[in-house]
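The primary structure of each chain is shown beneath.
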Amino acid sequence: MSTDKISFEPKVLEGEINIPYKWTTGPAAGKFLTTLRDERKIIGLKCSSCGRVSVPPEEICGKCRKRNSEFVDISDEGELVSFTEVRVPVFWQPAEPPFVIGFIKLDGADTLLIHRILASASSLKKGLRVKARWKEEREGHILDIEGFEIIQEG
Ligand SMILES: [Zn+2]
């Protein structure tokens, strides 16, 4: 047996793996998505222990770890808390870059919703008021909201 070391150049094969999948949303996300579709309305879950309202709804409170069970209506308007411009394309994105993603604190919610902002990054600043632009044809998906538009200078 030879004791010579084997030397080789690493070879990289490039390819793409397509993995179709389905999964259950669970009761909270399922009700959230069907309410978007059927009622054109945003709902959250309120913690019966600490009162925190999560959107999208969290089955377990992210603050006190109790089970949430009270669905509450949430406004489709809120405040732009932060944002960034997406410039690198990834296949699952809702649009071709460049586009803006924002953290939105909807009126009545204590958590932030991440969604597309329908404006250029250069026209935005923290604190602007935004409102959902709904799609006419909805299918029970977060993109039933096309994005959020500026409604008032903050
Ligand atoms: Zn709680």
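**Student:** Can you break down the pairing of strand β4 (residues 77-86) residue by residue, with the values?
**Tutor:** When β4 meets strand β7 (residues 129-134), the two strands line up antiparallel, connected through 3 bridges. Bridge pairing links Glu-79 to Arg-129 in β7. In terms of strand pairing, β4 meets strand β5 (residues 99-106) through 8 bridges, oriented antiparallel. Following the sheet pairing, Ser-82 is matched in β5 by Phe-103.

**Student:** Go over a nonpolar patch on the surface, please, and point to the residues and values.
**Tutor:** Taken together, Ile-17, Ile-19, Tyr-21 and Trp-23 make up a surface patch of nonpolar side chains, about 600 Å² in accessible area. Along the polypeptide, Trp-23 turns up in the segment before α1 (26-39).

**Student:** Describe the nonpolar core, listing the residues and the values that go with them.
**Tutor:** Counting residues in each nonpolar core, the largest one holds 24 residues, and the members touching the most others are Ile-42, Ile-74, Leu-106 and Phe-148. For this core, the elements supplying multiple residues, two or more each, are α1, β1 (42-46), β3 (70-74), β5, β6 (113-117), β7 and β8 (145-152). Residue contacts for Phe-148: discarding those within four places in its chain leaves Asp-76, Ile-104, Leu-106, Leu-113, His-115, Arg-116, Ile-117, Leu-118, Val-130, Lys-131 and Ala-132.

**Student:** Any chance you could break down unusual backbone geometry for me, citing the residues and the numbers?
**Tutor:** That bond from Val-55 to Pro-56 is cis: its omega, -5°, falls within 30 degrees of zero. Take Pro-56: it is sitting in the loop between β2 (53-54) and β3. Residue Pro-98 is reached from Pro-97 by a cis peptide bond, and omega for that bond is 0°. For Pro-98, the position within the fold is in the loop between β4 and β5. Phi angles above zero are rare outside glycine, and Arg-40 is one such case at about 50°. Topologically, Arg-40 is positioned in the loop between α1 and β1. In this structure, Arg-65 is a non-glycine residue whose phi angle is positive, near 70°. Looking at the element boundaries, Arg-65 is found in the loop between β2 and β3.

**Student:** Can you explain the coordination of the zinc ion? Please cite residues and give values.
**Tutor:** Ideal coordination angles are 109.5 degrees for a metal with four donors arranged tetrahedrally and 90 or 180 degrees for a metal with six donors arranged octahedrally. The zinc ion binds to the protein through Cys-47 (SG), Cys-50 (SG), Cys-61 (SG) and Cys-64 (SG), with metal-donor distances spanning 2.3 Å. Given 4 donor atoms and angles of 96 to 122° at the metal, the environment of the zinc ion is assigned as tetrahedral. In primary sequence terms, the donor set of the zinc ion follows C-x2-C-x10-C-x2-C. Within this pair, whereas Cys-47 is found in the loop between β1 and β2, its partner Cys-61 is found in the loop between β2 and β3, the two being separated by 14 residues in sequence. Residue Cys-47 is classed as buried on the basis of its relative accessible area, which comes to 2%.

Thresholds applied
Residues numbered from 1 in each chain as written. Predicted model: local features only at pLDDT ≥ 70, side-chain atom pairs only at ≥ 80, totals over all residues. Heavy atoms only, no water. Pairing = 2+ DSSP bridges. Helix = DSSP H or I, 4+ residues; strand = E, 2+ residues; numbered from the N terminus. Patch = residues over 30% accessible without salt bridge, like charges linked within 9 Å, V, L, I, M, F, W, Y side chains within 5 Å. Areas by Shrake-Rupley, 256 points an atom, 1.4 Å probe, with all protein chains shown as cover. Salt bridge = Lys/Arg side-chain N within 4 Å of Asp/Glu carboxyl O. Core = buried A, V, L, I, M, F, W, Y, C linked by side-chain atoms within 4.5 Å. Buried < 20%, exposed > 50% of the residue type's maximum accessible area, 1.4 Å probe, protein only. Contact = heavy atoms within 4.5 Å. Donors = N, O, S within 2.8 Å, 3.2 Å for Na, K, Ca; no water. Tetrahedral: all angles 85-135°; square planar, octahedral: opposite > 155°, others 65-115°.

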